[in-house]
Amino acid sequence: METKAKKETPSKKEDGKAKAEIKKKDVAESKADTKKSAKATSEKNNGGEEFRQFFIDELKDILWAEKALLKALPKMRKAATGKELAQSFDKHQSETEGQIAILEQVFEIMGEKPKTKKCEAMDGLISETESIISDTEKGTAIRDAGLILAAQKVEHYEIATYGTLAAFADAMQQAKVAKLLRSILSDEKKSDKDLTALALESINEEASEE
């Protein structure tokens, strides 16, 4: 019996040692999992912050675009021949002022100052508008057709921009921001529709006969 007891003792020690090793391994794996989880969370947060900053930069871009357009619209109105077209530019100017105010509200909701960043796209569209005015004769339907073309290019750019920015706001769960951006988007779509109707009703036909 004595010999048997002595033989069992090393076995119990080995079992205890094995359990200790398993426990140590479990603790190490738990720590590793915690580190991985913390790293993943950090990377996710950084990714979210980068997307938010990209969104803010695009807001700066479109704010610059709207302010530049606000300066260009009186020139477009002055160049227009038809009374209805001139009135549409007056209306768009008033809407643009309101849209700038809405964008400034969006900046405030996002906790940012309403700063601008030069929009190369809008700068190019305005330059193209100025070229159309200089290349067409004053008092002609051809000039009006060209002005509508230029104005609709602007509208389509704005429609694409505000639609995308609203989708970005949805992705960031900024429901109020998305709603405000879609209110501008609705205005832009209506303006584009009105310009199309004006062109089809008279201006395009008159221009083709000059």
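Residues numbered from 1 in each chain as written. Predicted model: local features only at pLDDT ≥ 70, side-chain atom pairs only at ≥ 80, totals over all residues. Heavy atoms only, no water.

Draft legend 1. Molecular detail of the overall build of the protein. When helices and strands are counted, the protein shows five helices and zero strands. In the protein, the order of α-helices and β-strands from amino to carboxyl end is α-α-α-α-α. Here the protein, with 210 residues, has 34% of them falling under the buried criterion. Expressed as a percentage of contacts within the protein between residues at least 6 apart in sequence, the contacts between residues at least 24 apart total 80%. On the protein, roughly 13,100 Å² of surface is accessible, and the fraction owed to carbon and sulfur atoms is 53%. (Helix = DSSP H or I, 4+ residues; strand = E, 2+ residues; numbered from the N terminus. Buried < 20%, exposed > 50% of the residue type's maximum accessible area, 1.4 Å probe, protein only. Contact = heavy atoms within 4.5 Å. Areas by Shrake-Rupley, 256 points an atom, 1.4 Å probe, with all protein chains shown as cover.)

Draft legend 2. Structural context of helix H4 (residues 141–171). Here H4 is 31 residues long and its end C-alpha atoms lie 45 Å apart, about the 45 Å a rise of 1.5 Å per residue gives. Downstream of H4 by one or two residues, Gln-173 has phi in the positive range, about 60 degrees. (Expected span 1.5 Å × (residues − 1).)

Draft legend 3. Layout of the environment of Leu-70. Tracing the sequence through the fold places Leu-70 in helix H1 (residues 2–79). For the pair formed by Leu-70 and Glu-95, sequence separation is 25 residues and the distance between their alpha carbons is 9.5 Å. The contact partners of Leu-70, leaving out residues within four places of it in the chain, are Gln-93, Thr-96, Glu-97 and Ile-100.

Draft legend 4. Layout of the nonpolar core. Core analysis: the largest hydrophobic core is formed by 50 residues, its most contacted members being Phe-55, Leu-59, Leu-85, Phe-89, Leu-103, Leu-147 and Leu-181. Among the elements of the structure, H1, helix H2 (83–109), helix H3 (120–135), H4 and helix H5 (175–209) are those that each provide at least two residues to this core. (Core = buried A, V, L, I, M, F, W, Y, C linked by side-chain atoms within 4.5 Å.)

Draft legend 5. View of the pattern of salt bridges. This structure, assessed with the given rule, holds seven salt bridges. We note a salt bridge from Lys-91 to Asp-194, for which the minimum N-O separation is 3.9 Å. Taken together, the positions of Lys-91 in helix H2 and Asp-194 in helix H5 put the pair 103 residues apart, joining distant regions of the chain. Between Lys-118 and Asp-123 there is a salt bridge, with the nearest N and O atoms lying 3.5 Å from each other. Looking at Lys-118, the relative accessible area reads 42%, which means it is partly exposed. Each member of the salt-bridge network shares a partner with another, and the members are Lys-91, Lys-190 and Asp-194. (Salt bridge = Lys/Arg side-chain N within 4 Å of Asp/Glu carboxyl O.)

Draft legend 6. Expanded view of the side chain of Arg-143. Summarising the element assignment, Arg-143 is placed in helix H4. Here Arg-143 is buried and forms no salt bridge, its nearest opposite-charge partner Asp-144 lying at an N-O distance of 6.7 Å. Among the polar contacts listed, one links the side chain of Arg-143 to the backbone oxygen of Ile-133, at a separation of 2.7 Å. Setting aside chain neighbours within four positions, we find Arg-143 in contact with Ala-79, Ile-133, Thr-136, Glu-137 and Lys-138. (Lys, Arg positive; Asp, Glu negative; His and termini not counted. Polar contact = N/O pair within 3.5 Å; in protein donor to acceptor, adjacent residues only side chain to side chain.)

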